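Understanding the architecture of this molecule
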Amino acid sequence: MSRANNRPVLYSALEAAKLCGVVNQTAINWIKNNHLKAFKTPGGQFRVYPEDLRDFMIKRNIQIPAELRLACGESIIESDTILIVDDDKALNSVLAKFIGGKIDSLTVYQAFDGFEAGSLMAEKHPEILIIDLDLPGVDGFDLCRRISEAERFGKPEIIVITALEDDDAESKVKKFGVNYFMKKPLDLPKIYETIKRIIEK
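Let me begin by describing the structure that accompanies this report. Model, not experiment: these values are computed from the prediction. (Residues numbered from 1 in each chain as written. Predicted model: local features only at pLDDT ≥ 70, side-chain atom pairs only at ≥ 80, totals over all residues. Heavy atoms only, no water.)

Here we look at the overall build of the chain
Selection rule: Runs of E in the DSSP output that reach at least two residues are strands. Runs of H or I that reach at least four are helices, and both are numbered from the N terminus. Only protein chains enter the calculation, and the probe is 1.4 Å; a residue is then buried if its accessible area is under 20% of its type maximum, exposed if over 50%, and partly exposed in between. Computed with a 1.4 Å probe, the accessible areas rest on the Shrake-Rupley method; for each residue, only the protein chains presented here act as cover.
Assigned secondary structure in the chain consists of 9 helices and 10 strands. Along the first, second and third principal axes, the C-alpha set of the chain runs to 60 × 35 × 30 Å. Looking at the chain as a whole, 41% of its 201 residues qualify as buried. For the chain, the accessible surface area stands at approximately 11,100 Å², while carbon and sulfur atoms represent 47% of it.

Laid out in structure tokens, this is it:
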């Protein structure tokens, strides 16, 4: 049985309908006509296993949302993708151009604030994040914690970059599962080698 947050996952007909982008009655009709595999609870309610819903959606060419992929134990990370999050537009663009030029297979996304970063992460599920700790209106340490703890982001590899004069910054972010920490001004060849190792791993 699939699990999310260590709890068994089952979907009601209504939840299955929402994931498929249809109304509740449509999902019930699919179940009653044996198109979508389900079972009844003692109270007479339909329940659907994530794997059965995923298989049904694949057959119907319905896009499978990240939530369902996670419930099925799949990774939602998109390989060979990177998101650079830094409000310094010049540095952000230099990094994007340098990394994209060095690794042809890599798709590079850019965000210049925490809000844009969150939207792109939810939509693109990048494999690697480069995050500046000192973003306007955002606690960079808290951002690292939320990314590492939230299943919906798929646990990307995080490279923290910072100009903050904080001797404890590296140890703080490493508590949140951040494996790579670099001080500004950046060593671009070192960033390239780090990204290359992550992709090859």
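Back to the text.
With respect to the packing of aromatic side chains
Just so we agree on the cut-off: The pairing test for Phe, Tyr and Trp rings, Trp by its six-membered ring, is centres within 6.5 Å, and the orientation test on the planes gives stacked under 30 degrees, edge-to-face over 60, and tilted for anything in between. For a Lys NZ or an Arg CZ to count as sitting over a ring, it must be within 6 Å of the ring centre and within 35 degrees of the ring normal.
Taken as a whole, this structure holds 2 aromatic pairs when the rule is applied. Arranged with centres 5.6 Å apart and planes meeting at 35°, the rings of Phe-39 and Tyr-49 form a pair that is tilted. In this pair, Phe-39 sits in strand 4 (residues 39–40) while Tyr-49 sits in the loop between strand 5 (46–48) and helix 3 (50–59), placing the two residues 10 residues apart along the sequence. For Lys-89, the ring lying beneath its charged end belongs to Phe-112, and the centroid distance is 5.5 Å.

Description of the sheet that holds strand 6 (residues 78–85)
The following threshold applies: Here, strands pair whenever DSSP counts at least two bridges between them. The convention used is that axes are lines fitted to C-alpha atoms, helices contributing only their stretch in contact, and that angles between N-to-C directions extend from 0 to 180 degrees. We call two residues in contact when some of their heavy atoms are within 4.5 Å.
In spatial order, the strands read 7-6-8-9-10; together these 5 strands make up an open sheet with parallel pairing. Two strands bound the open sheet, and with one partner strand each, they are strand 7 (107–111) and strand 10 (180–183). The sheet shows a mean angle of 20° between the axes of neighbouring strands, direction not considered. Sheet topology places strand 6 next to strand 8 (residues 126–132); 5 bridges connect them, and they run parallel. Residue pairing in the sheet places Ile-82 in a bridge with Ile-128 of strand 8. In the packing of helix 9 (residues 188–200) onto the sheet, the strands contacted are strand 6, strand 8, strand 9 (157–162) and strand 10, and the crossing angle to strand 8 comes to about 150°.

A look at the environment of Ala-111
For Ala-111, the location among the structural elements is in strand 7. Exposure remark for Ala-111: the relative accessible area of 0% places this residue in the buried category. Residues Ala-111 and Ile-84, 27 residues apart in the sequence, show an inter-C-alpha distance of 6.1 Å.

Description of the nonpolar core
Under the convention used in this document: The nonpolar core is taken to be a set of buried Ala, Val, Leu, Ile, Met, Phe, Trp, Tyr and Cys residues, with the residues joined through side-chain atoms within 4.5 Å.
In this structure, Leu-133, Ile-147, Val-160 and Val-173 are the most contacted members of the largest nonpolar core, which totals 22 residues. At the level of secondary structure, the elements contributing two or more residues to this core comprise strand 6, helix 6 (114–124), strand 8, helix 7 (140–149), strand 9 and helix 8 (169–174). Sort the elements by how many residues they give to this core and helix 7 lands first, with 4 residues. In contact with Ile-147, other than residues within four places in its own chain, are Met-121, Leu-129, Ile-131, Phe-153, Pro-156 and Ile-158. With 20 residues, the next largest nonpolar core counts Cys-20, Trp-30, Leu-36 and Cys-72 among its residues.

As for the layout of surface pockets
Let me state the cut-off plainly: In this analysis, the protein atoms alone were mapped onto a 1 Å grid. Cavities are point sets where a 1.4 Å probe fits without being able to get out; pockets are open sets with protein on both sides within 12 Å along at least five of seven lines; lining residues have an atom within 4 Å of a point. Grid points are joined across faces, edges and corners, and a volume is the space filled by probe spheres set on the points. For this scheme, ten residues count as nonpolar: Ala, Val, Leu, Ile, Met, Phe, Trp, Tyr, Cys and Pro. Four count as charged, namely Asp, Glu, Lys and Arg, and the remainder, Gly too, count as polar.
The space that makes up the second largest pocket amounts to roughly 160 Å³. Lining the second largest pocket are Gly-114, Ala-117, Gly-118, Met-121, Val-138, Leu-143, Arg-146, Ile-147, Ala-150, Arg-152 and Phe-153. For the lining of the second largest pocket, the secondary structure elements donating two or more residues are helix 6 and helix 7. The greatest single-element share of the lining of the second largest pocket, amounting to 4 residues, is contributed by helix 6. Along the lines of polarity and charge, the residues of the lining of the second largest pocket split into 7 nonpolar, 2 polar and 2 charged.

Details of the side chain of His-125
As for its placement among the helices and strands, His-125 is situated in the loop between helix 6 and strand 8. Exposure remark for His-125: the relative accessible area of 7% places this residue in the buried category. If near-sequence neighbours (up to four positions away) are discounted, His-125 is found in contact with Ala-66, Ile-76, Ile-77, Glu-78, Thr-81, Leu-120, Arg-152 and Phe-153.

Observations concerning the pattern of salt bridges
Note the following rule: Whenever Lys or Arg places a side-chain nitrogen within 4 Å of a carboxyl oxygen from Asp or Glu, that contact is recorded as a salt bridge.
One pass over the structure, following the stated rule, counts 12 salt bridges. The salt bridge partner of Lys-201 is Glu-157, with a shortest N-O separation of 3.2 Å. Taken together, the positions of Lys-201 in the segment after helix 9 and Glu-157 in strand 9 put the pair 44 residues apart, joining distant regions of the chain. Among the residues examined, Glu-157 registers a relative accessible area of 19% and is labelled buried. Salt-bridge contacts for Glu-170 lead to Lys-174; the nearest nitrogen and oxygen are separated by 3.1 Å. Of this pair, Glu-170 and Lys-174 both sit in helix 8, 4 residues apart, which is roughly one turn of that helix. Given a relative accessible area of 34%, Glu-170 falls into the partly exposed group. Overlapping salt bridges bring together Asp-142, Arg-145, Arg-146 and Glu-149 as one network.

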